[in-house]
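One-letter residues, chain by chain:
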Amino acid sequence: MSKKAIILIIVLMSTALIGVSSIQFFWLQKSYSLQEEAFDDRILLVLSRTKERLLEELQKDIKSQDIQKTLKKLKDGWEQDKNLEEELIKNFLYADTNVLDKISPFNLSVIDSFLRRDLIINQGIMLDYQYGIYSNKSKSFFMKNGNYVVEFEDNKSSSTMRDEAKILSTPYRISLFEDFQYSEPSDLILYFPGRQGFLWKALLPIMISSIIFTSLILFCFFYTINIIFKQKKISEIKNDFINNMTHEFKTPIATISLATDSIGSPMIIGNEDKIRRFLSIIKAENRRMLDQVEKVLQMARFEKNEVELKNEEVNINDLMQTAVDNAQLKVSERGGSISLDLSSKKPIIMADKTHISNILANLLDNAEKYTRETPRIEVKTTDEKEGVQIMIKDNGVGISKEDLKNIFEKFYRVHTGNLHDVKGFGLGLSYVKSIVDVHGGRVFVKSELGKGSAFYVTLPYKKRK
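Residues numbered from 1 in each chain as written. Predicted model: local features only at pLDDT ≥ 70, side-chain atom pairs only at ≥ 80, totals over all residues. Heavy atoms only, no water.

Colleague: Just to check I follow, could you spell out the overall build of the protein for this structure?
Modeller: Of the regular secondary structure elements, the protein holds 12 helices and 12 strands. Burial status across the protein gives 38% buried among its 465 residues. Taking the intrachain contacts of the protein between residues at least 6 apart in sequence as the baseline, contacts between residues at least 24 apart amount to 71%. As presented, the protein carries roughly 28500 Å² of accessible surface, and 56% of it is formed by carbon and sulfur atoms. (Helix = DSSP H or I, 4+ residues; strand = E, 2+ residues; numbered from the N terminus. Buried < 20%, exposed > 50% of the residue type's maximum accessible area, 1.4 Å probe, protein only. Contact = heavy atoms within 4.5 Å. Areas by Shrake-Rupley, 256 points an atom, 1.4 Å probe, with all protein chains shown as cover.)

Listed below in structure tokens is the structure:
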């Protein structure tokens with residue numbers, strides 16, 4: 001898949017995700033608005049019922065108290081018709097009187113009990129609330145939360161003022177005595193401190209479901225993009241591997257072909273020394289190809305966990321000395337040197353001698369190959385708590401931070417800039433990592449671009465279970 005196609009997919013999927021998320025957010029807001037409207041209607045209905053009940057109780061009180069006294073006086077002085085009592089009640093209620101003054105403690109308890117019962121039982125609203133009767137004339141509360149309010153303006157605390165301001169900011173209020181010509185205009189106010197949380201709580205299942213499913217989509221999106229990039233990277237690495245393998249095999253095949261043609265030449269076929277020389281070339285090139293094929297097959301076996309280690313007592317110092325001796329010739333040809341410090345006092349471990357020898361040779365070979373100038377390689381063995389540590393340090397080209405993340409991956413090759421003569425399949429360090437892992441050890445590298453690299457391999461005395 002091309003880079004443009006991947007970018008197009010990312011853009012389209014991102015646009016779709018943003019669109020879906022925006023629609024979900026819109027409908028959540030819409031649902032909240034509907035919940036809010038329904039809640040407002042229910043609260044206004046409760047206020048309206050409470051007002052009716054309060055006025056009924058006030059009429060009963062007025063009838064039983066003030067009107068009865070007036071009737072008694074009138075009945076003592078004159079004969080009255082049947083409608084006098086009703087007429088007097090009506091005149092009294094709408095006369096020059098302040099109904100607020102007629103509200104008794106019993107009336108306050110009626111408001112409290114009716115609000116509580118109507119909110120919880122009839123409306124199912126289990127929510128803390130505050131309420132009060134507010135005088136629009138005096139700009140103060142006559143009653144709050146079932147109690148008379150007696151306050152002096154100078155003694156009002158800031159907390160009390162803030163509390164009153166919150167209650168007054170509520171939209172839930174209803175005028176009580178608008179039909180009374182001379183009564184002090186007042187409002188019954190209901191305030192819910194946790195109103196917003198209550199409304200969102202009703203939408204909580206929808207919100208949680210939306211978040212979960214959106215998160216799943218986002219996870220799948222990023223996972224898919226990650227897989228696409230990984231597959232693209234693997235494809236590129238495998239293409240590089242095929243190209244490298246083709247070039248690695250092309251040279252020995254061409255050499256074998258040339259040697260074979262030379263042997264068949266009339267000038268050579270009778271010369272035994274030359275025939276032996278060409279046969280040795282063919283044999284060497286053939287061994288070279290077999291070694292390359294064996295590396296690939298070994299990695300395949302590692303992936304299938306089909307490798308069987310032939311563990312035996314191995315002296316790491318001895319193996320390191322042998323590996324350095326073998327690498328010294330190639331390094332010396334370039335005018336370089338290898339310094340060896342065998343500081344390990346307990347170099348005996350249980351390991352596969354062949355595989356350990358191979359990884360040491362591989363690391364030394366890399367130290368020489370990836371050095372542009374005169375190679376200066378340091379090799380050291382030291383004792384660690386869990387086993388023996390091997391350090392191989394060079395003054396080569398170094399490894400970038402980006403490459404450090406991938407150097408132990410199969411087929412991955414470090415970018416070498418203008419150093420084009422470094423051959424290989426990208427299997428060396430992957431092989432090193434696999435061998436160290438199956439022995440229960442660990443390998444890591446410290447490197448900085450342009451300042452060389454240092455590989456550290458720790459092999460345990462006995463394989464960890």
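Colleague: Any chance you could explain a nonpolar patch on the surface here in plain terms?
Modeller: A contiguous nonpolar patch, built from L204, I208, I212, F213 and L216 and spanning about 470 Å² of accessible area, is present on the exposed surface. Given a relative accessible area of 42%, I208 falls into the partly exposed group. (Patch = residues over 30% accessible without salt bridge, like charges linked within 9 Å, V, L, I, M, F, W, Y side chains within 5 Å. Salt bridge = Lys/Arg side-chain N within 4 Å of Asp/Glu carboxyl O.)

Colleague: Whenever I open this one, the confidence of the model for the protein confuses me. Can you help?
Modeller: In the predicted model, the protein carries a mean pLDDT of 78, and 77% of its residues have values of at least 70. Scored below 50 in pLDDT, residues 92-96 makes 14 contacts in the model with residues more than four places away or belonging to other chains. (pLDDT = per-residue confidence, 0-100.)

Colleague: So what exactly am I meant to see when it comes to the pattern of salt bridges here?
Modeller: Pairing between side chains becomes possible if they bear opposite charge and their charged atoms approach one another. Using the criterion set out here, one finds 12 salt bridges in the structure. Among the ionic pairs, D112 bridges to R116, the shortest N-O distance being 3.8 Å. Remark: R116 and D112 occur in helix 3 (residues 105-122); sequence separation between them is 4 residues, near one turn of the helix. Accessibility expressed as a relative area gives 41% for R116, which makes it partly exposed. R442 serves as the salt-bridge partner of E386, at 3.5 Å between the closest nitrogen and oxygen. Pair noted here: E386 is in the loop between strand 9 (376-383) and strand 10 (387-393) and R442 is in strand 11 (residues 442-447), with a separation of 56 residues, a long-range link. Exposure remark for R442: the relative accessible area of 37% places this residue in the partly exposed category.

Colleague: Help me understand the nonpolar core in this model?
Modeller: Proteins that are soluble and globular tend to have nonpolar side chains buried together. M320, I356, L364 and I392 are the most contacted members of the largest nonpolar core, which has 35 residues in total. Looking at this core, the elements with two or more residues in it are helix 9 (316-333), strand 8 (348-352), helix 10 (353-369), strand 9, strand 10, helix 12 (428-438), strand 11 and strand 12 (453-460). Broken down by element, the residue count for this core peaks at 7 residues, all from helix 9. What I392 contacts, discounting residues up to four positions off in sequence, is M320, L360, L363, L364, A367, I377, E378, V379, S453, A454 and F455. (Core = buried A, V, L, I, M, F, W, Y, C linked by side-chain atoms within 4.5 Å.)

Colleague: Please explain helix 10 as it appears in this structure.
Modeller: Since the α-helix advances by 3.6 residues per turn, residues separated by three or four positions end up pointing in the same direction. Between its terminal C-alpha atoms helix 10 stretches 24 Å, which fits the 24 Å expected from 17 residues at 1.5 Å a residue. Residues H355, I356, I359, L360, N362, L363, L364, N366, A367 and E368 constitute the buried set of helix 10. Between the side-chain oxygen at the start of helix 10 and the backbone nitrogen of T354 there is a gap of 3.1 Å, and the oxygen is on D352. (Expected span 1.5 Å × (residues − 1). Polar contact = N/O pair within 3.5 Å; in protein donor to acceptor, adjacent residues only side chain to side chain.)

Colleague: Is there a simple way to explain the packing of helix 9 against helix 10 in this structure?
Modeller: Two packed helices can be described by the angle between their axes and the distance between those axes. For the pair helix 9 and helix 10, interaxial distance at closest approach is 9 Å and the crossing angle is 35°. Like other packed secondary-structure pairs, helix 9 and helix 10 cross with a definite hand, here right-handed. Across the interface between the two elements, I316, L319, M320, A323, V324, A327, K330 and V331 of helix 9 pack against K353, I356, S357, L360, L364, D365 and E368 of helix 10. In terms of residue class, the contact of helix 9 with helix 10 is built from 10 nonpolar, 1 polar and 4 charged. (Axes fitted to C-alpha atoms, helices over the stretch in contact; angles between N-to-C directions. Left-handed = near helix turned anticlockwise from the far one by under 90°. Nonpolar A, V, L, I, M, F, W, Y, C, P; charged D, E, K, R; others polar.)

Colleague: What should I look at first to understand helix 3 in this one?
Modeller: For helix 3, built from 18 residues, the straight-helix expectation of 26 Å at 1.5 Å per residue is met to within 8% by its first-to-last C-alpha distance of 25 Å. If you check which residues of helix 3 are buried, you get N107, L108, V110, I111, F114, L115, D118 and L119. Down the axis of helix 3, the buried side of the element spans an arc of 155°, and every buried residue falls inside it. Helix 3 presents P105 and I121 as exposed residues on the side facing more than 90 degrees away from its buried surface. (Arc of directions from axis to C-beta.)

Colleague: When you look at the sheet that holds strand 12 in this model, what are you seeing that I'm missing?
Modeller: Taken in spatial order, the 5 strands line up as 7-9-10-12-11 in an open sheet, and their pairing is mixed. The strands lining the two open edges of the sheet, one partner per strand, are strand 7 (337-342) and strand 11. Taken pair by pair, the neighbouring strands of this sheet meet at an average axis angle of 15°, ignoring direction. Pairing analysis gives 6 bridges linking strand 9 to strand 10, with the strands arranged antiparallel. The residue bridging K380 from the neighbouring strand is M391, located in strand 10. Strand contacts of helix 9: strand 7, strand 9, strand 10 and strand 12, with the helix running at about 170° to strand 7, the strand carrying the most contacts. (Pairing = 2+ DSSP bridges.)

Colleague: For this particular structure, what's the right way to read the sheet that holds strand 3 (residues 147-148)?
Modeller: One open sheet accounts for 5 strands, arranged 3-2-1-5-4; its pairing is antiparallel. The open sheet terminates on both sides in strands that have one partner only, identified here as strand 3 and strand 4 (173-175). With 4 bridges connecting them, strand 1 (residues 130-135) and strand 2 (residues 140-144) associate as antiparallel partners. Note that in strand 2 the partner of Y134 across the bridge is F141.

Colleague: What is the right way to look at the packing of aromatic side chains in this model?
Modeller: A ring pair, where both rings are aromatic, is described by two values, the distance of the centres and the angle of the planes. Within this structure, the stated rule accounts for 12 aromatic pairs. Relative to F198, the ring of F39 lies with its centre 5.6 Å away and its plane at 50°, an arrangement referred to as tilted. Of this pair, F39 sits in helix 1 (residues 3-77) while F198 sits in helix 5 (residues 195-202), and the two are 159 residues apart along the sequence. On the basis of relative accessible area, F39 is assigned to the buried category, the value being 1%. Residue classification places F198 among the partly exposed residues on the basis of a relative accessible area of 23%. Through a chain of ring-to-ring contacts, three or more aromatic side chains come together here, namely F39, Y129, Y131, Y172, F192 and F198. Above the ring of F141, the side-chain terminus of K144 is found at 5.6 Å from the ring centroid. (Phe/Tyr/Trp six-rings, centres within 6.5 Å; stacked < 30°, edge-to-face > 60°. Lys NZ or Arg CZ within 6 Å of the ring centre and 35° of its normal.)

Colleague: Would you mind going over the packing of helix 10 against helix 12 with me for this structure?
Modeller: Across the interface, helix 10 lies against helix 12 with an axial gap of 10 Å and an inter-helix angle of 145°. In this structure, helix 10 meets helix 12 at a crossing whose hand is left-handed. Of the residues in helix 12, those touching helix 10 at H355, I356, N358, I359, N362, L363 and N366 are G428, L429, Y431, V432, I435 and V436. Class assignment of the residues belonging to the contact of helix 10 with helix 12 gives a composition of 8 nonpolar, 5 polar and no charged.

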